[in-house]
Amino acid sequence: MRSGIIYDKLHGMKEKAAEYLLRDRLKNADALEQLKDPRTKVLYAGDDGVFFQYDFLFQLSAEPGTKKRFLPLLLSALPERGEYLIVLHTPELSDDLQLLRNLEPIMDCCNCVYDASDPIPFTLPRDVEIRPLDQSHFPFVRAHYHSVDDANYVRERIGAGMLGAFVNGEIAGFIGTHGELSIGLLEVLPAFRRRGLAFALEASMVNSLLAAGRLPFCQVRLGNDASFALQKKLGFTVSDRPVRWMEHTK
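Thresholds applied
Residues numbered from 1 in each chain as written. Predicted model: local features only at pLDDT ≥ 70, side-chain atom pairs only at ≥ 80, totals over all residues. Heavy atoms only, no water. Helix = DSSP H or I, 4+ residues; strand = E, 2+ residues; numbered from the N terminus. Buried < 20%, exposed > 50% of the residue type's maximum accessible area, 1.4 Å probe, protein only. Contact = heavy atoms within 4.5 Å. Areas by Shrake-Rupley, 256 points an atom, 1.4 Å probe, with all protein chains shown as cover. Lys, Arg positive; Asp, Glu negative; His and termini not counted. Charge placed at Lys NZ, Arg CZ, Asp CG, Glu CD. pLDDT = per-residue confidence, 0-100. Arc of directions from axis to C-beta. Salt bridge = Lys/Arg side-chain N within 4 Å of Asp/Glu carboxyl O. Axes fitted to C-alpha atoms, helices over the stretch in contact; angles between N-to-C directions. Parallel < 35°, antiparallel > 145°, perpendicular 65-115°, else oblique. Left-handed = near helix turned anticlockwise from the far one by under 90°. Nonpolar A, V, L, I, M, F, W, Y, C, P; charged D, E, K, R; others polar.

Student: Describe the overall build of the protein, listing the residues and the values that go with them.
Tutor: For the protein, the count of helices and strands is eight helices and twelve strands. In terms of its C-alpha atoms, the protein occupies a principal-axis envelope of roughly 60 × 35 × 35 Å. The buried share of the protein, reckoned over its 250 residues, is 48%. Here the analysis covers contacts within the protein between residues at least 6 apart in sequence; of these, 65% occur between residues at least 24 apart. In the form shown here, the protein has an accessible surface area of approximately 13,000 Å², with 51% of it arising from carbon and sulfur atoms. Of the charged side chains in the protein, 30 are positive and 33 negative, and the gap between their average positions amounts to 1 Å.

Right, here's the structure in full:
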């Protein structure tokens with residue numbers, strides 16, 4: 001009986017959290033997807049905001065002017081040591097967390113969401129094939145993806161379902177999903193660019209996620225105009241409210 005009570009309470013907190021996050025679905029698209037995972041631990045859910053932990057990542061989305069409520073909550077939950085990340089949908093706490101928890105800002109970005117239910121149509125040239133990667137492609141991905149310097153992470157993402165573009169049998173680019181469920185790891189070798197491979201790779205990943213019942217979304221760093229243009233060409237809707245990633249490494 002007690003386990004049932006605990007389940008009902010946790011389920012109720014997730015429902016409350018989803019209710020708040022849906023007020024701005026675009027800005028909170030990443031948090032809404034992570035909230036579906038049974039591993040997600042909701043630490044606070046109310047009319048003024050949501051704070052939860054998803055695996056290695058903490059998420060905070062809250063109303064402006066709520067720092068007095070949420071700062072003590074964050075300081076009590078965030079470890080003083082070890083490696084972890086936090087995404088702030090409430091950037092007013094950034095300076096305090098940098099000072100009091102040694103968290104460093106690493107990226108400001110916007111969520112881009114594919115809201116349609118229909119797959120994205122695309123046509124491949126005769127000499128191009130898109131197919132899943134396996135661990136035999138690890139050296140190639142490792143050599144050409146530089147945003148994360150972690151070999152284990154790269155192997156993990158290949159295992160989670162990366163796709164590769166092959167031109168006459170030669171791998172020319174790839175795409176995957178990050179641990180926080182966003183589309184990413186997109187890279188096309190310079191010699192194969194301007195042939196529509198980036199579009200085809202991301203369209204293929206979107207279609208794969210749709211077939212799996214997932215919401216396709218990505219996060220684009222502010223200032224990356226080429227990536228924003230690609231998302232709009234693919235039919236993504238771009239949030240006009242950025243979020244901030246912060247990292248704790250000590």
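Student: Account for the confidence of the model for the protein, naming residues and giving values.
Tutor: Confidence in the prediction for the protein averages 92 pLDDT; 96% of positions are at 70 or higher. Across the protein, the element-wise mean pLDDT spans from 68 in helix H1 (residues 2-21) up to 98 in strand S7 (residues 163-167). Contacts for the low-pLDDT stretch residues 1-9, under 50 throughout, to residues beyond four places or in other chains number zero contacts.

Student: Describe helix H8 (residues 225-234), and please don't skip the residues or the numbers.
Tutor: Every buried residue belonging to H8 is among Ser227, Phe228, Leu230, Gln231 and Leu234, and all of these are buried. Buried residues of H8, viewed axially, fall in a sector of 160°; they line one side. Residues Asp225, Ala226, Lys232 and Lys233 are exposed on H8 and point more than 90 degrees away from its buried face. The inward-facing, buried residues of H8 abut strand S5 (104-113), strand S9 (183-188), helix H7 (197-211), strand S10 (217-221) and strand S11 (237-238). Once H8 ends, the next one or two residues include Gly235, with phi positive near 100°.

Student: Before we move on, can you summarise the pattern of salt bridges with the specific residues and values?
Tutor: Following the criterion strictly, the structure yields 15 salt bridges and no others. The partner of Arg23 in a salt bridge is Asp47, and the shortest N-O contact between them spans 3.9 Å. Within this pair, whereas Arg23 is found in the loop between H1 and helix H2 (29-35), its partner Asp47 is found in the loop between strand S1 (41-46) and strand S2 (49-54), the two being separated by 24 residues in sequence. The exposure class of Arg23 is exposed, given its relative accessible area of 51%. The shortest N-O distance in the salt bridge between Arg39 and Asp37 comes to 3.0 Å. Looking at Arg39, the relative accessible area reads 51%, which means it is exposed. Judged by its relative accessible area of 16%, Asp37 falls in the buried class.

Student: Break down the packing of helix H3 (residues 67-77) against helix H4 (residues 94-101) for me, with residues and values.
Tutor: Packing of H3 against H4 brings their axes to within 11 Å, and their N-to-C directions diverge by 30°. In this view, H3 runs roughly parallel relative to H4, as classed from their interaxial angle. Crossing angle aside, the handedness with which H3 passes H4 is right-handed. Of H4, the residues touching H3 (which contributes Lys67, Leu71, Leu74 and Leu75) are Asp96, Leu97, Leu100 and Arg101. Of the residues contributing to the contact of H3 with H4, the split by class is five nonpolar, no polar and three charged.

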